Amino acid sequence: MTPRDAVIVGGNRIPFARSGGRYLKASNQDMLTTAIDGLVARFGLQGERLGEVAAGAVIKHARDFNLTREAVLGSHLSPETPAYDVQQACGTGLETAVLVANKIALGQIDAGIAGGSDTTSDAPLALNDDLRRTLMQANYAKTPQQRLKALTKIRPAQLAPEQPRNAEPRTGLSMGEHMAITAKEWGVPREAQDELTVRSHQNLAAAYDRGFFDDLVTPYLGLTRDQNLRPDSTVEALAKLKPVFGKGEGATMTAANSTPLTDGAATVLLSSREWAAERGLTPLARFVDAETAAVDYVTGNEGLLMAPAYAVPRLLARNGLTLQDFDYYEIHEAFASTVLATLSAWESEEFCKGKLGLDAPLGSIDRDKLNVNGSSLAAGHPFAATGARIVASLAKQLHEKGSGRGLISICAAGGQGVVAILEAA
Ligand SMILES: CC(=O)CC(=O)SCCNC(=O)CCNC(=O)[C@H](O)C(C)(C)COP(=O)(O)OP(=O)(O)OC[C@H]1O[C@@H](n2cnc3c(N)ncnc32)[C@H](O)[C@@H]1OP(=O)(O)O
């Protein structure tokens with residue numbers, strides 16, 4: 001069977017909010033339902049049975065065992081639309097687009113929605129392990145005496161809830177602490193990080209000002225723009241901030257050149273060309289191909305967030321492309337240093353020959369083509385939503401240009417990376 005084209009018809013997200021603020025009372029389900037319903041309203045999908053909706057959240061409550069299905073049931077799509085959760089950390093929003101695009105390409109479905117949602121404001125608090133086991137034991141008790149006996153094992157020290165921590169289970173280090181090690185290894189200068197950060201804010205502000213997000217972002221709970229956006233950011237002001245990750249002289253990562261903790265949700269609508277044509281919808285871009293990679297960050301062979309550096313060359317090789325064959329590059333700004341370390345890796349002869357097994361470095365990219373409408377440093381980074389935000393923005397950017405190709409590169413916790421190529425439709 002010859003695969004058919006999977007196209008991106010459009011995207012929708014809510015403005016991203018800083019954690020602990022405007023969306024304090026919104027759940028992942030509320031936000032994901034809103035992001036789906038934005039597509040329903042924009043593309044006339046009321047009551048429509050789509051092939052599927054694939055989405056997810058990195059941080060979920062136990063009650064959200066199939067968050068996406070619940071979000072679909074709360075939306076204006078037909079309740080006969082199947083839906084399921086995916087969790088691939090910050091790669092989730094892109095990985096779901098890959099899954100939906102592949103099913104469309106194989107003719108298994110004609111249209112579907114991909115996306116993600118995350119909130120660190122509504123994160124679940126866990127019980128102390130010993131307390132949880134005691135309560136479970138009490139639950140199994142057959143008599144009041146047995147229950148009482150089980151409950152007497154509870155100690156006051158066990159009563160404090162366990163705070164969620166943005167850390168890797170196998171190392172105990174946070175994403176920022178891991179990245180600080182990699183930034184030091186690659187010698188990423190503080191000034192370059194701050195410059196990239198300021199550029200992200202400027203590009204995002206300019207994109208809002210020119211109306212680029214008018215049909216990509218739907219106002220929510222009083223926000224019309226991403227709350228983290230600070231168009232007045234300057235390299236001079238950023239230079240005054242104290243490092244928050246890493247220690248000593250070489251510590252370069254600050255609250256500004258790191259993504260903030262963020263709440264939000266984003267979705268994209270994908271379909272076959274035929275499905276879009278039947279509804280009079282114009283495809284924005286074609287989903288060309290994708291690749292995932294994982295690195296061994298546990299034994300210290302590679303940096304936690306460096307997997308895209310491995311995934312991109314494989315994707316380029318399969319598609320007969322070079323790193324320079326792109327009109328736009330969307331490299332997720334988990335931290336400014338993540339983007340810069342990845343670009344340095346592709347420029348490095350030692351890395352490309354030694355670790356990628358290539359004959360020569362992939363080379364440099366034209367920085368004017370990088371994150372042209374801003375990225376996570378300015379918009380914020382609700383983990384699972386970021387991939388869908390990026391797919392939608394790049395697809396629209398390619399449609400505006402009317403031709404060309406874009407590369408997406410997203411690092412993810414667990415030492416993973418998801419990357420993809422889109423082309424103007
Ligand atoms: C998860 C995956 O799979 C892969 C990935 O993407 S990894 C990335 C995951 N994301 C993270 O790990 C998030 C990391 N971020 C954090 O933990 C926190 O945001 C942080 C520790 C970096 C900062 O937290 P914070 O201290 O609450 O920051 P915040 O109070 O907003 O800012 C600190 C200061 O910097 C200033 N600042 C921040 N941005 C600024 C800007 N653009 N311009 C000027 N000043 C700025 C603030 O105004 C503030 O100044 P004051 O102290 O004078 O008020």
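Being a predicted model, the structure only gives us computed values, none of them experimental. Sequence positions are assigned chain by chain, starting from 1 and proceeding in written order. Per-residue local features of the predicted model are confined to residues with pLDDT of at least 70, and side-chain atom pairs are confined, for both listing and counting, to 80 or more; whole-chain, interface and lining totals are unaffected and use all residues. Only hydrogens and water are set aside when side-chain values are computed; all heavy atoms of the structure are taken into account.

1. Quick notes on the side chain of Thr 252
As for its placement among the helices and strands, Thr 252 is situated in the loop between helix H8 (235–239) and strand E6 (262–272). Polar contacts, as counted here, are pairs of nitrogen or oxygen atoms within 3.5 Å of one another; within protein the pair requires one atom able to donate a hydrogen and one able to accept it, and residues that are adjacent in sequence qualify only if both atoms are side-chain atoms. Side-chain polar atoms of Thr 252 contact the side chain of Gln 193, separated by 2.9 Å. In this description, contact between two residues means that some pair of their heavy atoms is separated by no more than 4.5 Å. Non-local contacts of Thr 252, meaning those with residues more than four positions away in its chain, are made with Val 188, Arg 190, Gln 193, Pro 243 and Asn 257. Helix numbering and strand numbering both begin at the N terminus, where a helix is a DSSP run of H or I of at least 4 residues and a strand a DSSP run of E of at least 2.

2. Here's the deal with the confidence of the model for the protein chain
In the predicted model, the protein chain carries a mean pLDDT of 96, and the fraction of residues at 70 or more is 100%. The ipTM for the predicted assembly is 0.97, set against a pTM of 0.96. Confidence of the predictor at the level of single residues is given by pLDDT, which spans 0 to 100.

3. Focus on the pattern of salt bridges
Two side chains of opposite charge can pair, provided their charged atoms sit close to one another. Salt bridge, as used here: a side-chain nitrogen of Lys or Arg that lies within 4 Å of a carboxyl oxygen of Asp or Glu. Under the defined criterion, the tally for this structure stands at 24 salt bridges. With a closest N to O distance of 2.9 Å, Arg 4 and Asp 110 form a salt bridge. In this pair, Arg 4 is assigned in the segment before strand E1 (6–13) and Asp 110 in the loop between helix H3 (92–105) and strand E5 (111–118), connecting sequence segments 106 residues apart. In this structure Asp 110 comes out as partly exposed when scored by relative accessible area, which is 41%. Linking Glu 349 and Lys 353 is a salt bridge whose minimum nitrogen-to-oxygen distance equals 2.9 Å. Of this pair, Glu 349 and Lys 353 both sit in helix H12 (residues 349–354), 4 residues apart, which is roughly one turn of that helix. For Lys 353, a relative accessible area of 39% gives the class partly exposed. Counted as one network, the salt bridges with shared partners bring together Asp 5, Arg 273, Arg 286, Arg 405 and Glu 423. Only protein chains enter the accessibility calculation, which uses a 1.4 Å probe; a residue whose area is less than 20% of its type maximum is buried, one above 50% is exposed, and one in between is partly exposed.

4. Describing the pairing of E6
The side chains of a regular strand alternate between the sheet's two faces. Within E6, 11 of the 11 residues are buried, which leaves it mostly tucked inside the rest of the structure. Here E6 shows a buried face lined by Thr 262, Gly 264, Ala 266, Val 268, Leu 270 and Ser 272 and a second buried face lined by Asp 263, Ala 265, Thr 267, Leu 269 and Ser 271. As defined by bridge partners, E1 adjoins E6 across 7 bridges and the pair is classed as antiparallel. Counted as the bridge partner of Val 7 is Ser 271 from E6. As paired elements, strand E2 (residues 17–18) and E6 share 2 bridges and run antiparallel to each other. In the strand pairing of E6, Ala 17 is matched with Asp 263. In the sheet, E5 pairs with E6 via 8 bridges, with the strands oriented antiparallel. Two strands are said to pair when DSSP picks up at least two bridges between them.

5. Quick notes on the packing of aromatic side chains
What describes a pair of aromatic rings is the distance from one ring centre to the other and the angle between the planes of the rings. Paired rings are identified among Phe, Tyr and Trp, the last through its six-membered ring, by centres lying within 6.5 Å, and are further divided according to the angle between planes into stacked (under 30 degrees), edge-to-face (over 60) and tilted (the rest). With the rule as written, the count across this model stands at 7 aromatic pairs. Arranged with centres 4.6 Å apart and planes meeting at 45°, the rings of Tyr 208 and Phe 213 form a pair that is tilted. Taking the relative accessible area as the measure of exposure, Phe 213 reaches 3% and is therefore buried. On the numbers, 5.8 Å between centres and 55° between planes, the contact of Phe 326 with Tyr 329 is tilted. Each member of the pair, Phe 326 as well as Tyr 329, carries the same accessibility label: buried. Here a set of aromatic residues connected by ring pairs shows up, and it is made of Trp 186, Tyr 310 and Phe 351. In our convention, an over-ring charge means Lys NZ or Arg CZ found within 6 Å of a ring centre and within 35 degrees of that ring's normal. In this structure, Arg 13 is placed above the aromatic ring of Phe 16, and the distance from its NZ or CZ to the ring centre is 4.3 Å. When the ring centre of Phe 213 is taken as reference, the NZ or CZ atom of Arg 13 above it lies at 5.5 Å.

6. Considerations on the UniProt feature "domain: Thiolase N-terminal" (unreviewed entry) in the protein chain
UniProt positions are given in the numbering used here, feature names are shortened, and annotations may be inferred rather than shown by experiment. As annotated in UniProt, the feature "domain: Thiolase N-terminal" (unreviewed entry) corresponds to residues 7–273 in the numbering used here. A helix fraction of 36% and a strand fraction of 13% characterise residues 7–273, whose end C-alpha atoms lie 6 Å from each other.

7. Side note on the nonpolar core
Ranked by internal contacts, the top residues of the largest apolar core, which has 47 residues, are Leu 270, Phe 287 and Leu 422. Considering every element that reaches this core, the biggest residue donor is helix H14 (residues 386–401), with 7 residues. To qualify as a nonpolar core, a set must consist of buried Ala, Val, Leu, Ile, Met, Phe, Trp, Tyr and Cys residues joined through side-chain atoms within 4.5 Å.

8. Quick notes on the pairing of strand E7 (residues 285–294)
Of the strand pairs in this sheet, E1 and E7 are connected by 2 bridges, and their pairing is antiparallel. Across the sheet, residue Ile 8 finds its bridge partner in E7, namely Ala 285. Pairing of E7 with strand E10 (residues 416–424), which is carried by 9 bridges, proceeds in the antiparallel orientation. Each residue of the ladder has a partner; that of Asp 289, found in E10, is Ile 421.

9. Notes on the UniProt feature "active site" (unreviewed entry) in the protein chain
The sites that UniProt annotates as "active site" (unreviewed entry) are Cys 90, His 381 and Cys 411. The named residues occupy 322 residues along the chain; their greatest pairwise C-alpha distance, 12.1 Å, places them in one compact cluster. You can see Cys 90 is positioned in the loop between strand E4 (83–85) and H3. Non-local contacts of Cys 90, meaning those with residues more than four positions away in its chain, are made with Val 58, His 332, His 381, Phe 383, Ile 410, Cys 411 and Ala 412. Considering the arrangement of structural elements, one finds His 381 in the loop between helix H13 (376–379) and H14. Taking the relative accessible area as the measure of exposure, His 381 reaches 4% and is therefore buried.

10. Some words on H3
Helix span, as expected, comes to 1.5 Å for every residue beyond the first. Counted at 1.5 Å a residue, the expected span for H3 with its 14 residues is 20 Å, and the 20 Å between its end C-alpha atoms agrees. Counting buried residues in H3 gives 11 out of 14 residues, a clear majority hidden from the surface. Among all positions of H3, only Thr 92, Gly 93, Leu 94, Glu 95, Thr 96, Ala 97, Val 98, Val 100, Ala 101, Ile 104 and Ala 105 are buried. Looking one or two residues beyond H3, the residue adopting positive phi is Gly 107, at roughly 80°.

11. Focus on helix H7 (residues 190–209)
Taking 1.5 Å per residue as the helical rise, H7 with its 20 residues ought to reach 28 Å, and the 29 Å between its terminal C-alpha atoms agrees with that figure. Taken together, the buried positions of H7 are occupied by Gln 193, Asp 194, Leu 196, Thr 197, Val 198, Ser 200, His 201, Asn 203, Leu 204, Ala 205, Ala 207 and Tyr 208. Looking at the buried residues of H7, the elements they touch are E1, H8, helix H11 (336–347) and H13.

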